[in-house]
Amino acid sequence: MGILAWMLPRLQALQTFGDEVAIAFSGAEDVAVIEYAHLTGRPFRVFSLDTGRLNPETYRLFDKVEKRYGIHIEYMFPDTAETEELVRTKGMFSFYEDGHQECCRIRKVRPLRRALRGLSAWITGQRKDQSPGTRAAVPVVQVDPVFDGKDGPGTLVKFNPVSNVTSAETWAFLRTMDVPVNELHSQGYDSIGCEPCTRPVLPNQHEREGRWWWEDATAKECGLHSGNVMDSAVDGAKEEAGDLYTSSNVEEVSKDEMEKMATSGADVSTMAVIYAPWCQFCQGLEPAYEEIAAQLQGTGVRVAKFRGDTERDFVAERFQLQTFPRIVFFPKAGAKEFVTYPSDRRDVENLMAFVKALE
């Protein structure tokens, strides 16, 4: 089988990293990766994020995979106190009203960070055609631009061995090898996440359109002054929020430099995000922004950040900013005035198109 011959050499991670690498498992592509790993004859680890909101069919898939391969999946769970606080404060379905980022951060991102801090490498089932807007440039191997490994920042290796494999090829392999798949696929579900945030897709819809569908028509921003609301939950979130866009590829700029670029232009072409660390939409932007920062390294375009919630009057007056995040592009000095990114679709593909249009 051509795909098998192409794939097996790309699981060299198992030989290189041994028990310090693990496969992240949630969907059909990940079962394909597990099958590939099994065919190498080497021992392998598998972990999964149990958010507490998965479909019964997904739990049954976990059980089938464990039995077929004789493995014990290493389940990661969200922090109990954080989850209780979220639900008690905002209810069971707050994501329908204020976006999925906060819930995902508690139930998925933070447990994933905990899992990866114990590893030197991890293996995913990401494919480029899963989401053309955010995954079109997924490499087969990379230094993880977002998460830290056991040896600290910049040390975690991320393998995406089916990056260049299509959905059709993946499913042909799954059928040929007769491996377990989620029962929901036979009910029209292509991309499967948590039960409240997943629905079947219609013919000719992209598979990712079944996820967080209610957000497509809403603005994904935080109000500039929402942090002034006298609310203990908001105040607590502000105090607990760590900084964002901490990748070495993103440069922090000062108020004076922002003023200079806005009035006189930049020494080098610069894309900057004006953000507030406590803003859930700024947090949601972080992976895509750090990814595009990595892609723009060496191109002559600087990627920067400026914390705007501590300079509210300045960003409101100079950049007419009323909501976070705001992305602006400063061309080289003398070229033209700065340009504000006009869309709420802040994925890698659209941001890159924005940069290329202005360069």
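Residues numbered from 1 in each chain as written. Predicted model: local features only at pLDDT ≥ 70, side-chain atom pairs only at ≥ 80, totals over all residues. Heavy atoms only, no water.

(A) Structural view of the overall build of the protein chain. Looking only at helices and strands, the protein chain features 14 helices and 13 strands. By the burial criterion, 51% of the 359 residues in the protein chain qualify as buried. Considering only contacts within the protein chain whose residues lie at least 6 apart along the sequence, 74% involve residues at least 24 apart. If you sum the accessible surface of the protein chain, you get close to 16900 Å²; carbon and sulfur atoms cover 50% of it. (Helix = DSSP H or I, 4+ residues; strand = E, 2+ residues; numbered from the N terminus. Buried < 20%, exposed > 50% of the residue type's maximum accessible area, 1.4 Å probe, protein only. Contact = heavy atoms within 4.5 Å. Areas by Shrake-Rupley, 256 points an atom, 1.4 Å probe, with all protein chains shown as cover.)

(B) Geometry of the sheet that holds strand S12 (residues 326–330). Strands sit in the order S8-S10-S9-S12-S13 across an open sheet of 5 strands; the sheet is mixed. Here the strands that pair on one side only, and so sit at the sheet edges, are strand S8 (251–252) and strand S13 (339–340). As paired strands, S12 and S13 are joined by 2 bridges and run antiparallel to one another. Paired with Val-328 across the two strands is Thr-340, which belongs to S13. Together, strand S9 (270–275), strand S10 (302–307) and S12 form the strand contacts of helix H13 (residues 312–319), whose direction differs from that of S12 by roughly 60 degrees. (Pairing = 2+ DSSP bridges. Axes fitted to C-alpha atoms, helices over the stretch in contact; angles between N-to-C directions.)

(C) Representation of the nonpolar core in the model. Ranked by size, the top nonpolar core spans 42 residues in total, and within it Tyr-245, Met-258, Met-271, Phe-319 and Phe-330 carry the most contacts. Of all the secondary structure elements, the ones that give two or more residues to this core are helix H11 (255–264), S9, helix H12 (280–295), S10, H13, S12 and helix H14 (348–358). With 6 residues, the top contributor of residues to this core is H12. Not counting residues up to four positions away in its chain, the partners in contact with Met-258 are Val-253, Ala-272, Ile-274, Phe-306, Phe-314, Phe-319 and Phe-330. Ranked by size, the runner-up nonpolar core spans 31 residues in total, among them Tyr-36, Val-46, Val-65 and Ile-73. (Core = buried A, V, L, I, M, F, W, Y, C linked by side-chain atoms within 4.5 Å.)

(D) Local environment of the packing of helix H3 (residues 28–40) against helix H4 (residues 56–69). Between H3 and H4, the shortest axis-to-axis distance is 12 Å and the interhelical angle comes to 10 degrees. Between H3 and H4, the angle falls in the class roughly parallel. Contacts between H3 and H4 involve Val-31, Ile-34, Glu-35 and His-38 from the former and Val-65, Arg-68 and Tyr-69 from the latter. (Parallel < 35°, antiparallel > 145°, perpendicular 65-115°, else oblique.)

(E) Summary view of the packing of aromatic side chains. Enumeration over the complete set of coordinates arrives at 19 aromatic pairs. Ring centres of Phe-62 and Tyr-75 lie 5.5 Å apart, and the angle between their planes is 50 degrees; on these two criteria the pair is classed as tilted. With Phe-62 in helix H4 and Tyr-75 in strand S3 (residues 74–76), this pair connects stretches of sequence that are 13 residues apart. Judged by relative accessible area, which is 3%, Phe-62 ranks as buried. An aromatic cluster of three or more residues is present, and its members are Phe-306, Phe-314, Phe-319, Phe-330 and Phe-338. The positively charged end of Arg-53 is found above the aromatic ring belonging to Phe-93, 5.2 Å away from the centroid. (Phe/Tyr/Trp six-rings, centres within 6.5 Å; stacked < 30°, edge-to-face > 60°. Lys NZ or Arg CZ within 6 Å of the ring centre and 35° of its normal.)

(F) Molecular detail of the environment of Ala-288. Structurally, the position occupied by Ala-288 is in helix H12. Its relative accessible area of 13% is what places Ala-288 among the buried residues. Measuring from C-alpha to C-alpha, the distance between Ala-288 and Tyr-245 comes to 9.8 Å, with 43 residues separating the pair along the chain. If near-sequence neighbours (up to four positions away) are discounted, Ala-288 is found in contact with Arg-346, Asp-347 and Val-348.

(G) Structural context of the pattern of salt bridges. A full pass over the atoms with the stated rule returns 18 salt bridges. Its salt-bridge partner being Glu-74, residue Arg-45 comes within 2.8 Å of it at the nearest N-O pair. Placement of Arg-45 in strand S2 (residues 45–49) and of Glu-74 in strand S3 is noted, with a sequence separation of 29 residues between them. Classification of Arg-45 as partly exposed rests on a relative accessible area of 28%. By relative accessible area, Glu-74 is classed as partly exposed at 30%. (Salt bridge = Lys/Arg side-chain N within 4 Å of Asp/Glu carboxyl O.)

(H) Structural detail: unusual backbone geometry. A cis amide bond links Phe-324 with the next residue in sequence, Pro-325, at an omega value of -10 degrees. Checked against the element boundaries, Pro-325 lands in the loop between strand S11 (323–324) and S12. The phi angle at Tyr-245 is positive, at roughly 55 degrees, despite the residue not being glycine. Tracing the chain through its elements places Tyr-245 in the loop between helix H10 (232–240) and S8. Unlike most non-glycine residues, Gln-320 shows phi in positive territory, near 50 degrees. Looking at Gln-320, the relative accessible area reads 52%, which means it is exposed.

(I) Up close: H12. If you check H12, its first and last C-alpha atoms are 24 Å apart, about what 16 residues at 1.5 Å a residue would give, namely 22 Å. Glu-286 marks the point of greatest bend in H12, at about 40 degrees, and the proline Pro-287 comes within the next four residues. If you check which residues of H12 are buried, you get Gln-280, Phe-281, Cys-282, Gln-283, Leu-285, Glu-286, Ala-288, Tyr-289, Glu-290, Glu-291, Ile-292 and Ala-293. (Expected span 1.5 Å × (residues − 1). Bend = angle between axes of the 7 residues up to and from the residue.)

(J) Here's a closer look at the environment of Thr-40. Its location among the elements puts Thr-40 in helix H3. On the accessibility criterion, Thr-40 (29% relative accessible area) is partly exposed. Taking C-alpha positions, Thr-40 is 9.4 Å from Gln-12, a pair spaced 28 residues apart along the chain.

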